[in-house]
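As a plain string of letters, each chain reads:
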Amino acid sequence: MAYECSWVPGVLLASALMLSGCSTPQPIEGVVRPNSGEPPLEFLPGPMPGFGSFENYSDALLAACSLILSRPNANAGRVGDQDFPLRWRISSEYCAWLYYTPERKYEMSMLTDQHNLDDLEGKRSCLLPSYVKDPRYPPESLKYIFALHNHPHGSTISRDDIRLIVAKGAKHGFGSSTKDGVLQLSIVAFFSNKATEPSCDGFHQYIPAAHQIRKWTKTAGQWHCEQTGIVDWHTDGVGFSIKETSASCLDKDVP
């Protein structure tokens, strides 16, 4: 079960942290968690109330970005910002699935903020269940397109992110046939550049089938894509290395 502290701005935040520490997490709209003492959730309910559905995946992805970054403590700002250590200390990752339905629509599951109980001071996590349970459709009819989450200070795709999406791909496949063609499974990490007024400023993405790590950013209303890394899997199929790159993406649409 995830834990977070209530947000108190400025100096009051520091005092609250020193005096009271973290309290029992309060319910958050659109966020589900296991009950105290229960194991992590094995599926997420869908769809997210009031979210969709969407005719195309790009609109769904960008709507998900704004929604996730609007959750409490989803964004800590940048290292060096005022109050960053305190914002980071209470920050949370949220995760969800963006999936494709038999009605040829794109939907998002509800969110969870369940995380590893051994998260360190410099690490945040979100334990993404493997499945979505949408009562409108048979479970096997859903197609998994994007594993969604936020990175509170905008860091790139982590090694844990890479391992997670490869494990999910082993269950769901690494590509799904949709009305928009075959969409490759990927993991996305949203970020905002502003701590006080979070906005969808971009996201990092890893596409296992292409071995590519990408960074999407929005400037003057236009989206730009940069390939920032290549994942090279070792012959044992377990280990991997990441080669940093800097190149334009061949495809220009989001994502």
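Further up the page is the structure itself.
What you are looking at is a predicted structure, and each value in this text was computed from that prediction instead of being measured.

The biggest cluster of nonpolar side chains holds 56 residues, and the ones touching the most others in it are Met108, Leu111, Leu148 and Phe190. Setting aside residues no more than four positions away along its own chain, Phe190 makes contact with Leu61, Ala64, Cys65, Ile68, Leu69, Leu148, His149, Asn150, His151, Gly202 and Phe203.

Per the counting criterion, the structure on display carries six salt bridges. Through salt bridges with shared partners, one network takes in Glu55, Lys105 and Lys179.

The subject of this paragraph is the state of the cysteines. Using the criterion set out here, one finds three disulfides in the structure. Each disulfide pairs two cysteine sulfurs, and for Cys225 the partner residue is Cys249, the sulfurs being separated by 1.9 Å. Every disulfide takes its handedness from the sign of the S-S torsion; for Cys225 and Cys249 that torsion is -60 degrees, giving left-handed. With Cys225 in strand E13 (residues 222–233) and Cys249 in the segment after strand E14 (240–248), this pair connects stretches of sequence that are 24 residues apart. Just as Cys225 is buried, Cys249 falls in that class too.

Let's shift gears to the pairing of E14. Direction of pairing for E13 relative to E14: antiparallel, over a ladder of seven bridges. Across the sheet, residue Val231 finds its bridge partner in E14, namely Ile242. If you look at the hairpin formed by E13 and E14, you'll find six residues sitting between the two strands, and Gly237 has a positive phi there, around 75 degrees.

The next point concerns the side chain of Arg33. Positionally, Arg33 belongs in the loop between strand E1 (31–32) and strand E2 (43–45). In terms of polar contacts, Arg33 uses its side chain to reach the backbone carbonyl oxygen of Gln26, at 2.8 Å. One polar contact links Arg33 to Asp113, side chain to side chain, over a distance of 2.8 Å.

About the cut-offs
- Residues numbered from 1 in each chain as written.
- Predicted model: local features only at pLDDT ≥ 70, side-chain atom pairs only at ≥ 80, totals over all residues.
- Heavy atoms only, no water.
- Core = buried A, V, L, I, M, F, W, Y, C linked by side-chain atoms within 4.5 Å.
- Buried < 20%, exposed > 50% of the residue type's maximum accessible area, 1.4 Å probe, protein only.
- Contact = heavy atoms within 4.5 Å.
- Salt bridge = Lys/Arg side-chain N within 4 Å of Asp/Glu carboxyl O.
- Disulfide = S-S within 2.5 Å.
- Helix = DSSP H or I, 4+ residues; strand = E, 2+ residues; numbered from the N terminus.
- Pairing = 2+ DSSP bridges.
- Polar contact = N/O pair within 3.5 Å; in protein donor to acceptor, adjacent residues only side chain to side chain.

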